[in-house]
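Take a look at the letters that make up each chain.
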Amino acid sequence: MTAGLPGTGIGGMFYLISALATPLREGYLRMRGRRSRGWRLVAAQTAIASAVLAGMWATGWLLGLAVRASHRVFPSAATLHPGSLLPAVALLFSFGTLAVVLLGVELLRLWVRRRPAREATIDRHQRRRAVAAGARRSRILALVVGAVVAAHARPAAAQGATLATRHLGRADSAFTAGDRPAAEREYAAVLAADPWNSHATYRLAQLHRHDPRVALRLFRRYVALEPSDAWGYMALGDMLARAGRWGAALRCYDDALRLAPGERDAVVGRARTLVRARRTGAAIAAYKGWLAAHPTDAEVKRELAAARVTAAPAITPLVGGSHDSDGNTSLRLGGVAELAAAGPTRLGIRATREQVGDGVTAIGLDELTLRAGARPAGALQIDAEGGATRVDAVGGAGPTLTATGQLRARWRDPMGGPAIDLRARRNLIDASPLLVMNRVVRTEIGAIVEVPVTRGLKLRGIGRTAALSSSFDVNHRTTVAGVVAVAVTPSLELSGQMHEIRYSRPSSAGYFAPRLIQIAQAGSYIELETARSIMLAFDLGAGVQRVAQQGAAVGPWRPALRLYSLIAVPLAPGRELRFELDSDDSGVATESATTADSATTAQWRYLSMQLSLRVALP
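This structure is a prediction, so every number in the text was calculated from the model and none was measured.

Let's shift gears to the overall build of the chain. Looking only at helices and strands, the chain has 14 helices and 16 strands in total. Residues classed as buried in the chain amount to 38% of the 618 residues present. In the chain, the share of contacts with a sequence separation of at least 24, taken over all contacts with a separation of at least 6, comes to 52%. Carbon together with sulfur atoms contributes 64% to the accessible area of the chain, which is approximately 32800 Å² in total.

Here you go:
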């Protein structure tokens, strides 16, 4: 701007030209019959512009008089040009500056439009393109013009922009340094000052990945702010896949591929989502399509091999056995064969041969079961088995055949909400020769309901009812339990449990059937995975229990312990060795289908082990 001359700055000249052009625009609108704001506003703006121009001319005229007067006082000064040139010079200088700026902006606009758009990856290594206000590349023109006019902006607006920029700088520094609380606080301050800041929205969504509800809301907000950013759709799709919402996740990846065709993160991310959804056939096709154009991508080759192993048929030979405090032993040999599955449903068949003895009597059982596992939705999983168990002839009785099976449906809110586990089963109790010979069959239905109270604190309610039929009688068993569980870490859970078990009547079929059993235990569940992908899981419980015989008072408390452990060791791609151990000192609180209702006394103890090897076929 020209010092001392009001209205001669770039912003002022732009206003004057616009105001003087309003009568022409109003006349054009009237001729075209379009709606206008009326001549009153036009007259007011034209009068203001005319007054500013008159003031500029008067200022230049007064300055000219002052210079001529000073020449009379100081005759040695240079001779002036006839007339006053200051007003004209001021106007010409302002008009020239404005013309240069507008010409530069137009050239920049043409250069930006002609350059090919480039996008930066934000999903693979959590990097974002560095636009301070979080705006799209298409806003560069607005930023340039805003920077030029910023010198004439009001102080309050400049102060607000400086405050948001300062918080954004602090937030990015904390994010880079790994200071999560500080980064969350600063990004929240940025959004409080500028709710449309897409950069802060995306970073805050990344910091809330542990909370699916908040993360999904922020990622959706980012996609709304940046609809042309393919990586925003990828981030949203990945979050939806983690929440088990496969259909919505795949649609997000489709949108990303529409914006960035052939982008690796979109193609591979979509294939990974298909694997999570157990649509391995479609996932394999996607991996193959990528490798056809990029044959050197080692990571995709490994993921393709893993997807093929998951979809391939497999066999699992197994051997197991048990021993209890009453001298009963069992030995089980068999295996499981799984068919190839390209979709969310997997079929298989299980066949076992078991020998049960007590040192005096031995009896054999053969079991054949068809199995099916399906995951029709990310939050729902269904497993079903159906078959029969054949018992060898003993004494004068011939072989018998008993129908067996089970159905289990599990649903869990993908946002970390409630969960329901429903189960129905029918099986032959085979923990001792006496139970097998008396044909003790259990038919049971049950449910487990889990409700989160706060983050990390959950309440579980357990209820089951079973009918125990034998050659002598029919008994009924009911179980109710309450569990308070606290997730200390993602791999460690501590719990307090209270179980109450009741039998409707005594039984002479060979199992312990008191009137009441009460168990109070403190438990912990630990699940670990080593660097070599070895998985270790332990379910421990320690507490006390007391028993009331039929028609008798409740007895004293005594110790009650339980242990279940699983060790899974991957030997090679498609080969996994699994070892399971189940131990209980009462048998009345266990969830195992082979030990529940098999205790013969209140001091009954039990140990079971099983070793299996899963081999995927080529």
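From this point, things continue past the structure.
This part takes up unusual backbone geometry. The residue Arg-278 is not glycine, and still its phi comes out positive at about 65°. As for its placement among the helices and strands, Arg-278 is situated in the loop between helix 11 (264-276) and helix 12 (280-293). On the basis of relative accessibility, which here comes to 30%, the residue Arg-278 falls in the partly exposed class. In this model, Ser-533 sits at a positive phi of 65°, which is unusual for a non-glycine residue. Tracing the backbone through its elements, the reader meets Ser-533 in the loop between strand 12 (516-529) and strand 13 (535-548).

The subject of this paragraph is the packing of aromatic side chains. Taken as a whole, this structure holds four aromatic pairs when the rule is applied. Aromatic rings pair up to connect Tyr-202, Phe-219 and Tyr-222 into one cluster.

Confidence in the prediction of the chain, expressed as mean pLDDT, is 79, and 76% of residues score 70 or more. Within the chain, the lowest mean pLDDT, 40, falls on helix 4 (residues 140-149), and the highest, 95, falls on strand 7 (residues 419-428). Note on residues 1-7: pLDDT is under 50 here. Beyond four places in sequence and across chains, it has 17 contacts. In this model residues 112-160 is a low-confidence stretch, pLDDT under 50, and it forms 63 contacts with partners more than four residues away in sequence or in other chains.

In this section: the environment of Gln-610. Structurally, Gln-610 can be placed in strand 16 (residues 606-616). The sequence separation of Gln-610 and Ser-322 amounts to 288 residues, and the corresponding C-alpha distance is 8.8 Å. If we skip the residues at most four places from it in the chain, Gln-610 touches Leu-318, Val-319, Gly-320, Arg-332, Arg-578, Phe-579 and Glu-580.

Here the focus is the pattern of salt bridges. By the definition in use, this model includes 32 salt bridges. Among the ionic pairs, Asp-254 bridges to Arg-270, the shortest N-O distance being 2.9 Å. Here Arg-270 lies in helix 11 and Asp-254 lies in helix 10 (residues 246-259), a separation of 16 residues in the sequence. Overall, the relative accessible area of 25% leaves Arg-270 in the partly exposed class. Each of Arg-264, Arg-272, Asp-297, Glu-299 and Glu-303 takes part in a single network of salt bridges with overlapping partners.

Tracing the backbone through its elements, the reader meets Ala-249 in helix 10. The contact partners of Ala-249, leaving out residues within four places of it in the chain, are Gly-237, Leu-240, Ala-241 and Thr-273.

Time to look at the packing of helix 6 (residues 180-193) against helix 7 (residues 198-207). Contact geometry of helix 6 with helix 7 gives a least axis separation of 9 Å together with a crossing angle of 145°. Between helix 6 and helix 7 the crossing geometry is left-handed. Within the contact between the two elements, helix 6 uses Arg-180, Ala-183, Glu-184, Tyr-187, Val-190 and Leu-191 and helix 7 uses His-199, Ala-200, Thr-201, Arg-203, Leu-204 and Leu-207. Per-class residue counts for the contact of helix 6 with helix 7 are seven nonpolar, two polar and three charged.

Let's shift gears to helix 8 (residues 212-225). Counting along an α-helix, one turn takes 3.6 residues, and residues three or four places apart therefore face a common direction. The first and last C-alpha atoms of helix 8 sit 20 Å apart over 14 residues, in line with the 20 Å expected at 1.5 Å per residue. Within the span of helix 8, buried status applies to Pro-212, Ala-215, Leu-216, Leu-218, Phe-219, Tyr-222, Val-223 and Leu-225. Buried residues along helix 8 sit in contact with helix 7 and helix 9 (230-242).

This part covers the nonpolar core. Ranked by internal contacts, the top residues of the largest apolar core, which has 38 residues, are Tyr-187, Phe-219, Met-234, Leu-236 and Leu-240. Elements that contribute at least two residues to this core include exactly helix 5 (155-177), helix 6, helix 7, helix 8, helix 9 and helix 10. Looking at this core element by element, the count peaks at nine residues for helix 9. In this view, Met-234 contacts Tyr-253, Ala-256, Glu-263, Asp-265 and Ala-266; residues no more than four positions away in its chain are not counted. Counting 14 residues, the second-largest nonpolar core is a separate cluster that includes Ile-501, Phe-512, Ile-517 and Val-547.

Turning to the side chain of Asp-421, a few remarks are in order. Mapping Asp-421 onto the fold places it in strand 7. Residue classification places Asp-421 among the buried residues on the basis of a relative accessible area of 12%. At 2.6 Å, the side chain of Asp-421 forms a polar contact with the side chain of Arg-408. Sequence-distant contacts of Asp-421, that is, excluding residues within four places in its chain, are made with Arg-408, Ala-409, Arg-410, Gly-446, Ala-447 and Ile-448.

About the cut-offs
Residues numbered from 1 in each chain as written. Predicted model: local features only at pLDDT ≥ 70, side-chain atom pairs only at ≥ 80, totals over all residues. Heavy atoms only, no water. Helix = DSSP H or I, 4+ residues; strand = E, 2+ residues; numbered from the N terminus. Buried < 20%, exposed > 50% of the residue type's maximum accessible area, 1.4 Å probe, protein only. Contact = heavy atoms within 4.5 Å. Areas by Shrake-Rupley, 256 points an atom, 1.4 Å probe, with all protein chains shown as cover. Phe/Tyr/Trp six-rings, centres within 6.5 Å; stacked < 30°, edge-to-face > 60°. pLDDT = per-residue confidence, 0-100. Salt bridge = Lys/Arg side-chain N within 4 Å of Asp/Glu carboxyl O. Axes fitted to C-alpha atoms, helices over the stretch in contact; angles between N-to-C directions. Left-handed = near helix turned anticlockwise from the far one by under 90°. Nonpolar A, V, L, I, M, F, W, Y, C, P; charged D, E, K, R; others polar. Expected span 1.5 Å × (residues − 1). Core = buried A, V, L, I, M, F, W, Y, C linked by side-chain atoms within 4.5 Å. Polar contact = N/O pair within 3.5 Å; in protein donor to acceptor, adjacent residues only side chain to side chain.

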